[in-house]
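Chains, contacts and geometry: an overview
Read off the chains here:
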Amino acid sequence: MTIFERIKNNLFKVVLILVYGSLFIVNPQMGVSSIKTSGYFIKEMFMIMPVIFMLTALLDLWVPKEKIVTYLGQESGAKGIFLSFAVGSISAGPIYAAFPMCSMLRRKGASIRNIVIILSSWAVIKIPMLINEAKFLGPKFMAIRWVLTIISILIFSWIAGKIVKDEDLPNEDLKQSGLKLDRDACMGCSLCARNYPEVFEMNGNKAQVKNYEELDKAKLKEIIDACPVNAISYVEEDKKE
């Protein structure tokens, strides 16, 4: 792999290094402050994301696809909208914790509109946030802002559902035979590479499938079930008669 390919695969890291380096040169105090702030958020992510991955994996295991399609799918109607608002409103944790769960819900049949509602509700109308908003800004302010936000989310989610299609989002063709890893969906948690290094490896901040000789189907199933964003799939190759 050439130096340019390495830079391309790690472009985000390279940009971060250049930005922080420039800050230290221009304003060392600001550079130190930025490093401390970044460290705080990275520490927070390491504390929160493993729990989110575990909960997402459990939901994926326990909640069948048929239920997701019925209650959050394209034809779920008003009950899907209500449930999406409820899921987002009672959630805990920062907004980035919502992405693994929403990715899992989408793969199991949730509509684009309901995914937008869940993400938006998670970000701006969580119940703990509303309580604090009422405390510091008053119940009237909170209520008016909440109603206007709900209306805005309904409008924007409807527009997003019309513009964004399923084929626009990362999605591996599961009809093909063999082992597939959707690198667009991969979040770089490295679970597969650490637990099954004979088949998976990390390339930059994404996992990829190696050139393997044989597969341990039982072990592979564990890896597929453990993937928090369902980026790995395996379809048994058709046997020739």
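The structure reproduced in this document is the subject of the present report. (Residues numbered from 1 in each chain as written. Predicted model: local features only at pLDDT ≥ 70, side-chain atom pairs only at ≥ 80, totals over all residues. Heavy atoms only, no water.)

1. So, the overall build of the protein
- A count of helices and strands for the protein gives eleven helices and four strands.
- For the protein, the spread of C-alpha atoms along the principal axes amounts to about 70 × 55 × 30 Å.
- For the protein, contacts bridging at least 24 residues in sequence account for 64% of all contacts bridging at least 6.
- Summing over all exposed atoms, the protein offers an accessible surface of approximately 15,800 Å²; the carbon and sulfur share of this is 65%.
- The averaged location of the 24 negative side-chain charges in the protein is 10 Å from the averaged location of its 29 positive side-chain charges. (Helix = DSSP H or I, 4+ residues; strand = E, 2+ residues; numbered from the N terminus. Contact = heavy atoms within 4.5 Å. Areas by Shrake-Rupley, 256 points an atom, 1.4 Å probe, with all protein chains shown as cover. Lys, Arg positive; Asp, Glu negative; His and termini not counted. Charge placed at Lys NZ, Arg CZ, Asp CG, Glu CD.)

2. A closer look at the packing of aromatic side chains
- With the rule as written, the count across this model stands at one aromatic pair.
- Between Tyr196 and Phe200, the ring centres sit 6.3 Å apart and the planes meet at 65°, which makes this aromatic pair edge-to-face.
- When its relative accessible area of 4% is taken as the criterion, Tyr196 is described as buried.
- Judged by relative accessible area, which is 1%, Phe200 ranks as buried. (Phe/Tyr/Trp six-rings, centres within 6.5 Å; stacked < 30°, edge-to-face > 60°. Buried < 20%, exposed > 50% of the residue type's maximum accessible area, 1.4 Å probe, protein only.)

3. Re the environment of Phe53
- Position of Phe53 among the secondary structure elements: in helix H3 (residues 28-62).
- Judged by its relative accessible area of 16%, Phe53 falls in the buried class.
- Residues Phe53 and Met101, 48 residues apart in the sequence, show an inter-C-alpha distance of 8.1 Å.
- Discounting residues that sit within four places of it in the chain, Phe53 has contacts with Pro100, Met187, Cys189 and Pro228.

4. So, the layout of surface pockets
- Approximately 920 Å³ is the volume attributed to the largest pocket.
- What lines the largest pocket is a set of 24 residues, among which Met45, Phe46, Met187, Gly188 and Asn205 lie closest to the centre.
- When residues of the lining of the largest pocket are traced back to their parent elements, those giving at least two are helix H2 (11-26), H3 and helix H10 (191-195).
- With seven residues, the top contributor of residues to the lining of the largest pocket is H3. (1 Å grid on protein atoms, 1.4 Å probe; cavity = no way out; pocket = protein on both sides within 12 Å on 5 of 7 lines; lining within 4 Å. Points joined across faces, edges and corners; volume = space filled by probe spheres on them.)

5. Focus: the packing of helix H6 (residues 98-107) against helix H7 (residues 112-124)
- Where H6 meets H7, the axes come as close as 10 Å, and the angle between the chain directions of the two elements is 165°. By the angle between their axes, H6 is roughly antiparallel relative to H7. Seen from above, H6 lies across H7 with right-handed handedness. Between H6 and H7, the residues in contact are Ala98, Phe99, Met101, Cys102, Leu105 and Arg106 and Ile112, Ile115, Ile118, Leu119 and Trp122, respectively. (Axes fitted to C-alpha atoms, helices over the stretch in contact; angles between N-to-C directions. Parallel < 35°, antiparallel > 145°, perpendicular 65-115°, else oblique. Left-handed = near helix turned anticlockwise from the far one by under 90°.)

6. Some remarks on unusual backbone geometry
- Although it is not a glycine, Ser190 adopts a positive phi angle of roughly 70°.
- Note that Ser190 resides in the loop between strand E1 (178-181) and H10.
- Given the relative accessible area of 18%, Ser190 is considered buried.
- Even without glycine at this site, Asn230 takes up a positive phi of about 55°.
- Relative to the helices and strands, Asn230 resides in the loop between helix H11 (217-226) and strand E4 (232-235).

7. Comments concerning empty space enclosed by the protein
- Throughout the structure, instances matching the rule amount to one cavity of 30 Å³ or more.
- Looking at the largest cavity, its volume works out to about 140 Å³.
- Cys189, Cys192, Cys227, Pro228 and Ile232 are, among the 17 residues lining the largest cavity, the residues nearest its centre.
- Contributions of two or more residues to the lining of the largest cavity are made by H10 and H11.
- Of the residues forming the lining of the largest cavity, the biggest block, three residues, is contributed by H10.

8. Examining the pairing of strand E2 (residues 200-203)
- Across four bridges, E2 lies against strand E3 (residues 206-209) in antiparallel orientation. Along E3, the bridge assignment pairs Glu201 with Gln208.
- Where E2 folds back onto E3 in an antiparallel hairpin, the turn is made up of two residues, including Gly204, whose phi is positive at roughly 70°. (Pairing = 2+ DSSP bridges.)

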